[in-house]
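Spelled out from the first residue to the last, the chains are:
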Amino acid sequence: MGGQRSKNAKKNICAGLLAHVDAGKTTLSEAMLYVSGSIRRMGRVDSRDVFLDTHEMEKSRGITIFSKQALLPLRDRTVTLMDTPGHVDFSAEMERTLQVLDYAVLVISGADGIQGHTLTLWRLLQDYRIPAFLFVNKMDQPGTDRQVLLKEIRGCLSDGCIDLGCLGEDGREEERKACYEDMAMNDEEALEEYLETGRLEEESICRLVAQRRICPCFFGSALKNEGVEELLEALYRYTRVPSYPEEFGARVFKIARDGQGNRLAFLKVTGGRLRARMLLKGMDNGEPWEEKVNQIRVYSGEKYRIAEEAEAGSICAVTGLSRVRPGEGLGAEGGSPLPILEPVLTCRIELPQGVDAAGFLPKLRRLEEEEPALHIVWDESLQELQARIMGQVQTEVLGSLILERFGVEAGFGPGNIVYKETIARKVEGVGHFEPLRHYAEVHLLLEPGERGSGLVFDTVCSEEVLDRNWQRLVLSYLQEKEHRGVLAGAPLTDMKITLATGRAHQKHTEGGDFRQAADRALRQGLMEAGTILLEPCYDFRLEVPEKMVGRAMADMEKMSAVFSLQQTEGKTAVLTGTAPVAAMREYQKEVAAYTRGHGRLFCTLKGYEVCHNTEEVVRESGYEPDRDMENPSGSVFCAHGAGFAVPWDQVKEHMHLDAVLKEVWEGRDETAERQGFSGAGESAAASVWLGTEEVDAILERTFHANSRDKGAAGRRRTGGRASGSGYPVPAVTRVWKKPEPKESYLLVDGYNIIFAWEELRRLAGESIDGARGRLMDILCNYQGISGCHLILVFDAYRVQRHETELLDYHNIHVVYTREAETADQFIEKFAHKKGRTANVTVATSDYMEQIITRGQGCSLLSARELKEEIERACAGVHEAYGRRQQWEKNYLADILPGDGRDRIERMKEELI
């Protein structure tokens, strides 16, 4: 967040507390509030009276479930202290809070050391680039050793983790000097300052902290209020208030409801000022919205005060915004960042008898607003409600929330792994939607993306081809829906979807037409290219006694893990690697059992990788993409006022727009073979180096090849060898061959011609059979004149159970198409098959059919042009016949003398 600070802005800093569950984070927040004077007495978690855990479930379970905030005065600054959930099942709530933090305090249990979730939190702080302080808690417990813990922290997290406790008033000079030296070793500029002065200024330390070059560490006991003052002093001395721009901006990080059911949007003001009754704008699933801020609340624990405005850097909750979502940016803030931690399990929501799932779904949507990672959906095929979860504790909390808010006791089925799919290769997907009085065609370029990139949308379509509003509509439709793959019906991810081209009709296109076409284009591309099944994986670190490393390695092999024996620390062996979540779900208990409590397993979610047992997962899913009616892969085309379905593998034979993605086929270079080299001779010729004299000789012969003085080139030739070279240059003899004549075809769209010619149209009004017969007679005559293969095609798509019928009528072929197939389709297939190898002409006045057949290399005749061509051919025959008849019988010639008859015969030949 760049720019200049507002002149009268208060000094607001937002700092969050993060920890593995049971590390003492809530107790530390209580101690910090007490020492700063925000509260008069310290509460205890076991006494259920702490300031920030206010929900009844948090009090009963003794864990933080919902992120909370409290105002902490720190001299001339106001620190908004954010307490986040520590349990891994509520990681999504914690991660959303990271979006608004300026600094973070990572709490580590001195009794347990670095734990699995601690590594996850550290990685998240790195990804979000949040400067961090470490507080090692519970140092009052027996067995804790400051130096041992600091060594473990540096080994697992970073060498920049430095104990700054010695910089206080009680620190000794030698310890301070060593501390300055450790900090200086992490930055060249700081090292120069240390070498010159022997110490580091406070501003330099602030810079190192802000750049994450160092991470200050403090040790103490929150329960006994030890080390808390030093931590608060460091938060004041080694942090700086960020600068914010004058332009208004805000980031929403949480949606909640108060006791009266009012919807609260918690946000951080990242620029300018937020005022009550201020009008805010945004986008919701591609649709713009505009809403007014009714009330601004500044919370501290359960209580809040109403403010008229909120300055940059402050955290507040507002009412009146019904369409904002967690992660959304307002004003100058950008779009929503993709979450790093995602649920890896999906489970069934079991409602009691008498509760209609369809009617209950809108209520669950309210919970989904507060926890977007739930992804509550209704699975039509299984007829059940499903939600994505992080673990068992989350399902228990969800059940309590549903009972508390809606009075329904809901259960949850066993959790299943959330698989995903991505496209296998780059492809162009085509979708066409053209029932009667509707029209839209969409071409999408689908290509694999980097792991963890999610779905990325773009457009390269020209506005001259497709209007900007239609393009925005297509992209918004694609973004608002969760698309399914074609292997197991799993959600799609890690793909780039680009709108390549499209077409709308000036009169018949509606917005929903492009929704249909876009969905069908995506599915058609997926079916053509295929998809790859992905599964969630853990990065793990397994510590076991050295004598049990064999058992551990055997287990890793069974779980399809990729691992290595990292090191042996004393009598402990360390294995690190990657393994599927599905295989390691219950392994923590197994480790504890076979190591008798001496082993430790640390797992952090790495992301999605190619599934290790794809066939098994696909078979168990039972998904059939062709039966998925909500995600059709075929398209709908129209002919003669009726729509007809085209399967996905035939869509590109009927599409109206040319393909954008050109397939490149690399053929074998046959130049050497044409010159007479083959086999070993070809490789030998390729290795011959030509001298400059030989190159000159070749150029000279080439230059004079078509000149009249061909001797000039020939005179330089000596014994079949190029001058100055010892290698023969093979003579190339090219023999001109007359190209073989191509067969000529004329395809006639029967009913199109009948209703385009006036005489046939009148006849069809009396008898359609008579019109067909008359057209066939006319074309028979024309075929006798032209000599081409003439195929007359009639629709029979409304005749039930009719198969394609091909018959010969005198010298032409007549085709009656099968049921549900139009003459257009038959002609387009024939043009696709023969258009490049024969002279094919199509006679029709159907504009769309003309476009498609022209793209296949065919010639075109409209109904009017065909009529004119037939009339011209017949007139030519009549004229030639008339001239011949004029001389076939001449009685005057019979009585003329011999020389007179000869002259008449010569005149006949000249005229003919």
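Fair warning: this is a prediction, and the values are worked out from it, not measured in the lab.

Basis of the calculations
- Residues numbered from 1 in each chain as written.
- Predicted model: local features only at pLDDT ≥ 70, side-chain atom pairs only at ≥ 80, totals over all residues.
- Heavy atoms only, no water.
- Helix = DSSP H or I, 4+ residues; strand = E, 2+ residues; numbered from the N terminus.
- Buried < 20%, exposed > 50% of the residue type's maximum accessible area, 1.4 Å probe, protein only.
- Contact = heavy atoms within 4.5 Å.
- Areas by Shrake-Rupley, 256 points an atom, 1.4 Å probe, with all protein chains shown as cover.
- 1 Å grid on protein atoms, 1.4 Å probe; cavity = no way out; pocket = protein on both sides within 12 Å on 5 of 7 lines; lining within 4 Å.
- Points joined across faces, edges and corners; volume = space filled by probe spheres on them.
- Pairing = 2+ DSSP bridges.
- Patch = residues over 30% accessible without salt bridge, like charges linked within 9 Å, V, L, I, M, F, W, Y side chains within 5 Å.
- Salt bridge = Lys/Arg side-chain N within 4 Å of Asp/Glu carboxyl O.
- Polar contact = N/O pair within 3.5 Å; in protein donor to acceptor, adjacent residues only side chain to side chain.
- Phe/Tyr/Trp six-rings, centres within 6.5 Å; stacked < 30°, edge-to-face > 60°.
- Core = buried A, V, L, I, M, F, W, Y, C linked by side-chain atoms within 4.5 Å.
- pLDDT = per-residue confidence, 0-100.
- Axes fitted to C-alpha atoms, helices over the stretch in contact; angles between N-to-C directions.

Thoughts on the overall build of the protein chain
Link 1 in the chain: The secondary structure content of the protein chain amounts to 30 helices and 39 strands.
Link 2 in the chain: Residues counted as buried form 48% of the 912 residues belonging to the protein chain.
Link 3 in the chain: For the protein chain, the proportion of contacts with a sequence separation of at least 24, taken over those separated by at least 6, is 70%.
Link 4 in the chain: For the protein chain, the accessible surface area stands at approximately 47,100 Å², while carbon and sulfur atoms represent 48% of it.

Some points on the layout of surface pockets
Link 1 in the chain: If you add up the space inside the second largest pocket, you get close to 1,200 Å³.
Link 2 in the chain: As for the second largest pocket, its lining consists of 39 residues, of which Val88, Asp89, Tyr538, Arg585 and Gln588 are closest to the centre.
Link 3 in the chain: Contributions of two or more residues to the lining of the second largest pocket are made by helix H4 (116-127), helix H11 (392-406), helix H15 (581-584), helix H16 (587-594) and strand E31 (600-610).
Link 4 in the chain: Among the elements that line the lining of the second largest pocket, the one with the most residues is E31, at six residues.

Looking at the pairing of strand E11 (residues 279-284)
Link 1 in the chain: Side-chain alternation along E11 places Leu280, Gly282 and Asp284 on a buried face and Leu279, Lys281 and Met283 on a face that remains uncovered.
Link 2 in the chain: Across six bridges, the pairing between E11 and strand E12 (residues 287-292) is antiparallel. Counterpart to Gly282 in the pairing with E12 is Trp289.

Topic: a nonpolar patch on the surface
Link 1 in the chain: A contiguous nonpolar patch, built from Met185, Leu191 and Leu195 and spanning about 320 Å² of accessible area, is present on the exposed surface.
Link 2 in the chain: Take Met185: it is sitting in the loop between helix H6 (173-184) and helix H7 (188-197).

Structural notes on the side chain of Arg273
Link 1 in the chain: If you trace the backbone, Arg273 turns up in strand E10 (residues 273-275).
Link 2 in the chain: Side chain to side chain, Arg273 and Glu309 meet in a polar contact 2.5 Å long.
Link 3 in the chain: Within the structure, the side chain of Arg273 is placed 3.0 Å from the side chain of Glu311, a separation counted as a polar contact.

Section: the packing of aromatic side chains
Link 1 in the chain: Across all of its chains, the model carries eleven aromatic pairs by this definition.
Link 2 in the chain: Judged by centre distance (5.0 Å) and plane angle (35°), the rings of Trp470 and Phe514 are tilted. Of the two residues, Trp470 sits in helix H12 (residues 468-480) while Phe514 sits in helix H13 (residues 511-529), which places them 44 residues apart along the sequence.
Link 3 in the chain: Overall, the relative accessible area of 23% leaves Trp470 in the partly exposed class.
Link 4 in the chain: Considering the side-chain rings of Tyr745 and Phe830, the 5.3 Å spacing of their centres and the 65° angle between planes classify their relative orientation as edge-to-face. Taken as a pair, Tyr745 in strand E34 (residues 744-749) and Phe830 in helix H26 (residues 823-834) lie far apart in primary sequence, 85 residues in all.

Observations regarding the nonpolar core
Link 1 in the chain: Of all hydrophobic cores here, the largest spans 91 residues; its most connected members are Leu134 and Leu542.
Link 2 in the chain: Broken down by element, the residue count for this core peaks at six residues, all from H11.
Link 3 in the chain: In terms of nonpolar packing, the next biggest core, distinct from the first, is built from 47 residues, Val105, Cys206, Leu208 and Tyr238 among them.

Focus: the confidence of the model for the protein chain
Link 1 in the chain: In the predicted model, the protein chain carries a mean pLDDT of 83, and the fraction of residues at 70 or more is 85%.
Link 2 in the chain: Within the model, pLDDT remains below 50 along residues 1-8, and this stretch shows 26 contacts once partners closer than five positions in the same chain are excluded.
Link 3 in the chain: Across residues 663-692, where pLDDT falls below 50, the model places eleven contacts with residues more than four positions away in sequence or in other chains.

Section: the sheet that holds strand E5 (residues 132-137)
Link 1 in the chain: As summarised here, the arrangement of the seven strands in space is E2-E3-E1-E4-E5-E7-E6, forming an open sheet in which the pairing is mixed. The open sheet has two edge strands, strand E2 (68-74) and strand E6 (161-163), and neither has a second partner. Across the sheet, the mean angle separating the axes of adjacent strands is 30° when strand polarity is ignored.
Link 2 in the chain: Bridge analysis of E5 against strand E7 (residues 215-219) gives three bridges, and the strand direction is parallel. Residue pairing in the sheet places Val136 in a bridge with Phe219 of E7.

Quick notes on the pairing of strand E9 (residues 263-271)
Link 1 in the chain: The buried fraction of E9 is high, at nine of nine residues.
Link 2 in the chain: Sheet topology note: the strand E8 (residues 249-257)/E9 ladder contains eight bridges and is antiparallel. From the neighbouring strand, Lys254 faces E9, where its bridge partner is Phe266.
Link 3 in the chain: Hairpin connection of E8 to E9: five residues between the antiparallel strands, including Gly261 at a positive phi of 85°.
Link 4 in the chain: Both E9 and strand E16 (residues 315-319) contribute to a ladder of four bridges, which runs antiparallel. Counted as the bridge partner of Leu267 is Cys316 from E16.

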